[in-house]
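Summary of the model geometry
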Amino acid sequence: MPISSVVVTLSQDGVVAEAALSILSADPRWTLGAPNGRHVPAVLDTTSLEDAVSLTEDALRIDGVQFVDVVGVDFSDLSEQEAT
Amino acid sequence: MKRRALLQSAAMAMATTAAARLAGGDEVSAEGAEPARRRLPLSPDLVWDKAPCRFCGTGCHVEVGVQKGKVVAVRGDLQAEVNKGLLCVKGYHVGLALYGKDRLTQPMLRKDGELVPISWDEAIDIVAQRAELDGFALYGSGQWTIPEGYAGNKLMKAGLGSNHIDPNARLCMASAVTGFLSVYGVDEPAGCYDDLDRCDVLILWGNNPAEMHPVLWSRVLERKVAGEDVKLIDIGTRETRSSGFCDHVLTMKPQGDLAIANGIARLLLERGTYDKAFVDAHCAFRAHGDKPTLQGEAISFEQFKEGLAPYTPEHVEELSGVKPDDLRMLADLFGRRDLRITSLWCMGMNQHTQGTAINALVHGIHLLSGHFGRPGDAPTSLTGQASACGTVSEVGTLAHGLPGGLLVENAEHRKEAEAIWNVPPGRVNPKPGHHTVEMWKRFCTPKSQGGDIQTIWVMVTNPGQTMPNLNALVAPSRKLDGKFLIVSDVYPTATTKIADLVLPSAMWVEKNGMFGNSERRTQQWFKMVEPPGQARDDAWQLLAVARRLHDRGHPGMKDKDGKFLFDVAGPDGKSVPVWEWEHYYDVNVDERLFEEYRKFTRFKHKDLAPYAEYVKARGLRWPVIQHEDGVWRETKFRFVEGEDRYVKKDAGVQFYHSTSKDDRAQIWLHPYTAPPEVPDAEFPFWLCTGRVIEHWHTGTMTRRIPELWRSMPNAYVEVNAKDADRLGVKNGDRLALESRRGKLELPVWIDGRGAPPQGTLFVPFFDETMLVNVLTLEAYDPFSKQPDYKKCAVRAKKVVST
Ligand code: SF4
């Protein structure tokens, strides 16, 4: 159950940025912090790292989301990785 | 539940700090005081320490969280100037690279065709015995740490008196080195990543930083998003993920870069928009004479101009496919003094049979137009590997090199090296060893036919996947009597699978280490966790072999005073038996090796600070000079007065290693030449190979990280939609590619992640189940000896399942 710290950077267009923010707020998997300008801190608590990655990728497809930067991840609960 | 809530609130604190930093409200003080967030670890009982990311040459710093002897968390390091707390998808998963289930954990020897476990003692004995024989070579890496590379170089050159050591960086940045040497007389970029924050125009020359140096790319895009007027221009043979963000995308024919650079220079001269004052004060002109050399011969400005005369915009279009208006647009930009222009390149210009030439030409247009020496005005090469600059270029782990930029062919340089190593005069062999392609060619040739390399010890690299033309340069050796392949690595690879002896290595934070990134930044980290099983440090392996040779009576393993070549004294002055694994960490061997290596760095003004300075810092960019106040300070911009302490007062700009010995840089005339293999009726497609963001080079680490592997599980062939129509294939069908050297089947991805123009195919090289290098060409640049992986001719046919 990894916990990821991410920063979502919204577009400069206030209207689209606002719309993106409400899409993310409506998604229970995202816990959003207080925006600092266009940069919104967020936490993803997911069942796997794969889910965290696909959530960030999905977010990138939302109109008004410019970047999603992952700044940290705690995977202390993950068991040993499988070899391919 | 309580713990989870705590973890979540700590994670939010981290994200909030990063958001503040991105917004300009940085919590980290300029003095580097501990930021508030350091008191808020994700898990309360984690121990954090710093390390550079294991993967690419960007050199991001991560903080590594360790709990109960295991790496359990990573986060971007806010104190690191390179990445300012950010990481790319690979860096984000770097901790997991340690924990693939099939780590190599004990030495194995091939007996009756099978790899069977043996003891370390036996393994070291076998390597020492092979090293005593003629034809022993060490094939190293830009992912060796600096102390590992230094130990390998010293073992070969000061110990065995042999120069048969070369690294995989020969395949990735050798042309950048020869480009720098031919222009400035000394290698590595004059500028640094700060240029990316200051330029008005950024030109990508065959470069895809969105996938290869993603953190640097986001640094540039952040400026664009913030509304800064920064123009991005992409010049390449296919559109990539980077192209989508660019203002201009100029798709060129392979090798067209030579014509484009010459075309820009011609327009600057024709219009009189070159920077005459800068050129008169700081530049000279060069071209090859009858016998080409890296230094070339002096030519006049008039001869230079005459040589450029054929490169009219129309002729450049014929050679490169780039429209005359686009060429004029580039010349307009270079002709303006009010703009700051940074050029970036990596493999597109380096893996090129005219790699030295195109590197020199791009430096040349910057010099000619005076776009040099101000922050943001810089020609900058990026390296692929984490320590290609630090361990290869600087430590000199090349067949012709010595540490600190010295050369084996130069008698004075050999004397200096022998003095530092305290070995008898004549110990360093004046004859360069075999460069990479030649080394492997001779390993694949019977001894009776001139194949003078009998043993290769491979460390931290995977030539069974990365050498070009694998069917000629690797496979034959496996069928020849007397050829012995030793591989030190962390996971089974395409190379360990064909090795005679496999040695298990420690990786990344399982050992002490130092890397040197693309911007001359030397970085240090400490061991944080134990390696698995019997895996051991590569530096230990080298020292243990040296000691075994010493004990077997090899004269080269003693210095002039009869001491062991790698003698390490403890605090009491007594020698510590660091060749015994149980004593290896009794002292900091890395520090001892580094402090000795540091003595070499003053010769070419690549001065490094004492080891302790790197312990405190998130890397320092050389030359690092101790100022009058006792503080060691780095250099951001070389050759520029006020920035670089080696520039004389009032000189403004001084190229103090000038090949013409007059403090001038060389502007080269290099005519366009065609690639060695071009598509024809039989092999009608261009094939380009490269990397993807998810995987680190041959994927041996990243393919073991399930999240990365699942998001990019296998190689593919990227095909233009019209070509796909013509070939009758759709996504997921298989195409059989065939070159004059080999055959390979791959699944089709129409237009793929990039968009190849018609007639061009692209295949990534990360997948060991689909080795694209059976197709590639071994032709190489005459000076750098770097092969061209970016262009060869293939044919393609749909695979019809039966
Ligand atoms: S950009 Fe390179 S150094 Fe930075 S996190 Fe990604 S792989 Fe690591």
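Residues numbered from 1 in each chain as written. Chains lettered and ligands numbered in written order. Predicted model: local features only at pLDDT ≥ 70, side-chain atom pairs only at ≥ 80, totals over all residues. Heavy atoms only, no water.

Residue and element names in this part refer to chain B. Strand order in the closed barrel made by the six strands is 26-30-27-29-28-31, with mixed pairing throughout. Adjacent strand axes in the sheet meet at a mean angle of 45° when their direction is disregarded. One ladder, built from five bridges, connects strand 26 (residues 685-690) with strand 30 (residues 760-764); its direction is parallel. What sits directly across from Thr689, in strand 30, is Val763. (Pairing = 2+ DSSP bridges. Helix = DSSP H or I, 4+ residues; strand = E, 2+ residues; numbered from the N terminus. Axes fitted to C-alpha atoms, helices over the stretch in contact; angles between N-to-C directions.)

At the junction of the two partners, chain B supplies 47 residues and chain A supplies 40 residues. Between the two partners, chain B and chain A, sit one salt bridge. Residues Glu222(B) and Arg38(A) are paired through a salt bridge, measuring 3.8 Å at the closest nitrogen-oxygen approach. The interface formed by chain B and chain A includes three residue pairs in polar contact (both at pLDDT 80 or more). Elements supplying a minimum of two residues to the side of chain B that touches chain A: helix 1 (2-22), strand 3 (70-76), helix 8 (214-225) and helix 25 (706-711) of chain B. When residues in the side of chain B that touches chain A are grouped by element, the largest group, 13 residues, is from helix 1 of chain B. (Contact = heavy atoms within 4.5 Å. Salt bridge = Lys/Arg side-chain N within 4 Å of Asp/Glu carboxyl O. Polar contact = N/O pair within 3.5 Å; in protein donor to acceptor, adjacent residues only side chain to side chain.)

With that settled, the discussion passes to the sheet that holds strand 11 (residues 283-287) of chain B. Residue and element names in this part refer to chain B. Strands sit in the order 12-11-25 across an open sheet of three strands; the sheet is mixed. Looking at the sheet topology across the chains shown, the edges are occupied by strand 12 (297-299) and strand 25 (665-668). Here the strands of the sheet are splayed against their neighbours by 55° on average, with no regard to which way each runs. As judged from the three bridges shared by strand 11 and strand 12, these two strands associate in the antiparallel manner. Bridged to Ala287 within strand 12 is Glu297. Sheet strands touched by helix 15 (residues 355-368): strand 11 and strand 25. Its angle to strand 25, the strand with the most contacts, is close to 110°.

Residue and element names in this part refer to chain B. Evaluated as defined, the whole model comprises 62 salt bridges over all chains. Of the charged contacts in the structure, one is a salt bridge between Arg521 and Glu81, with a shortest N-O distance of 3.9 Å. Placement of the pair is Arg521 in strand 21 (residues 521-525) and Glu81 in the loop between strand 3 and helix 2 (89-92), with a sequence separation of 440 residues. With a relative accessible area of 1%, Arg521 lands in the buried category. On the accessibility criterion, Glu81 (35% relative accessible area) is partly exposed. For the salt bridge of Glu682 with Arg795, the shortest nitrogen-to-oxygen distance reads 3.7 Å. With Glu682 in the loop between strand 25 and strand 26 and Arg795 in strand 31 (residues 792-798), the pair connects residues that are 113 residues apart, well separated along the chain. (Buried < 20%, exposed > 50% of the residue type's maximum accessible area, 1.4 Å probe, protein only.)

What follows is about the packing of helix 4 (residues 146-159) of chain B against helix 23 (residues 589-598) of chain B. All names here are of chain B. The contact between helix 4 and helix 23 brings their axes to 9 Å, and the two run at 65°. Classified by the interaxial angle, the pair formed by helix 4 and helix 23 is roughly perpendicular. For the crossing formed where helix 4 meets helix 23, the hand is left-handed. When helix 4 is examined against helix 23, the residues Ile146, Pro147, Tyr150, Ala151 and Lys154 are found in contact with a partner set consisting of Asp590, Leu593, Phe594, Glu596 and Tyr597. (Parallel < 35°, antiparallel > 145°, perpendicular 65-115°, else oblique. Left-handed = near helix turned anticlockwise from the far one by under 90°.)

Our next topic: empty space enclosed by the protein. Residue and element names in this part refer to chain B. Enumeration over the complete set of coordinates arrives at ten cavities of 30 Å³ or more. Here the largest cavity defines a volume of roughly 520 Å³. Lining the largest cavity are 37 residues, and of these Gln143, Asn168, Gln385, Thr461 and His697 sit closest to its centre. Listed by contribution, the elements that provide at least two residues to the lining of the largest cavity are strand 18 (484-489) and strand 26. The residue inventory of the lining of the largest cavity, partitioned by class, reads 14 nonpolar, 17 polar and six charged. Here the lining of the largest cavity spans two domains, since at least three of its residues come from each of domain 2 (108-172 + 388-506 + 532-584) and domain 4 (685-798). In this model, the second largest cavity occupies a volume close to 370 Å³. Every residue lining the second largest cavity is counted, 26 residues in all, and those nearest its centre are Gly206, Asn207, Gly348, Cys688 and Lys790. Looking at the lining of the second largest cavity, the elements with two or more residues in it are strand 9 (231-236), helix 14 (347-350) and strand 26. When its residues are assigned to classes, the lining of the second largest cavity shows nine nonpolar, eleven polar and six charged. Composition of the lining of the second largest cavity by domain shows at least three residues from each of domain 3 (187-291 + 302-380) and domain 4 (685-798). (1 Å grid on protein atoms, 1.4 Å probe; cavity = no way out; pocket = protein on both sides within 12 Å on 5 of 7 lines; lining within 4 Å. Points joined across faces, edges and corners; volume = space filled by probe spheres on them. Nonpolar A, V, L, I, M, F, W, Y, C, P; charged D, E, K, R; others polar. Domains from an automatic or database assignment.)

It is worth spelling out the side chain of Lys483(B) at this point. Residues and elements named next belong to chain B. With respect to the helices and strands, Lys483 occurs in the loop between helix 20 (470-473) and strand 18. For Lys483, the side chain forms a polar contact with the main-chain oxygen of Thr445, separated by 2.8 Å. Here the side chain of Lys483 touches Ile453 through a polar contact of 2.9 Å, landing on its backbone oxygen. Residues in contact with Lys483, not counting those within four places in the same chain, are Arg442, Phe443, Thr445, Lys447, Gly451, Ile453, Gln454, Ser477, Arg478 and Asp500.

For soluble globular proteins, nonpolar side chains are generally found buried alongside one another. Ranked by size, the top nonpolar core spans 82 residues in total, and within it Trp30(A), Val64(B), Val71(B), Leu202(B), Trp508(B) and Val509(B) carry the most contacts. Apart from residues lying up to four places away in sequence, Val71(B) is in contact with Phe75(A), Val64(B), Gly65(B), Val66(B), Gly95(B), Leu98(B), Tyr99(B), Val509(B) and Val529(B). Formed by 70 residues, the second largest nonpolar core is a distinct cluster that contains Ala417(B), Met557(B), Val576(B) and Phe594(B). (Core = buried A, V, L, I, M, F, W, Y, C linked by side-chain atoms within 4.5 Å.)

Mean pLDDT over chain B: 93, with 96% of residues reaching 70 or higher. Segment residues 25-42 of chain B: pLDDT under 50, and 40 contacts once partners within four positions in sequence are set aside and those in other chains are kept. (pLDDT = per-residue confidence, 0-100.)

The next point concerns the site of the ligand. All names here are of chain B. What surrounds the ligand is the set Cys53, Phe55, Cys56, Thr58, Gly59, Cys60, Leu87, Cys88, Lys90, Gly91, Pro214 and Val215. Breaking the shell around the ligand down by element, the ones donating at least two residues are helix 2 and helix 8. For the shell around the ligand, a count of residues per class yields eight nonpolar, three polar and one charged. (Near = heavy atom within 4 Å.)

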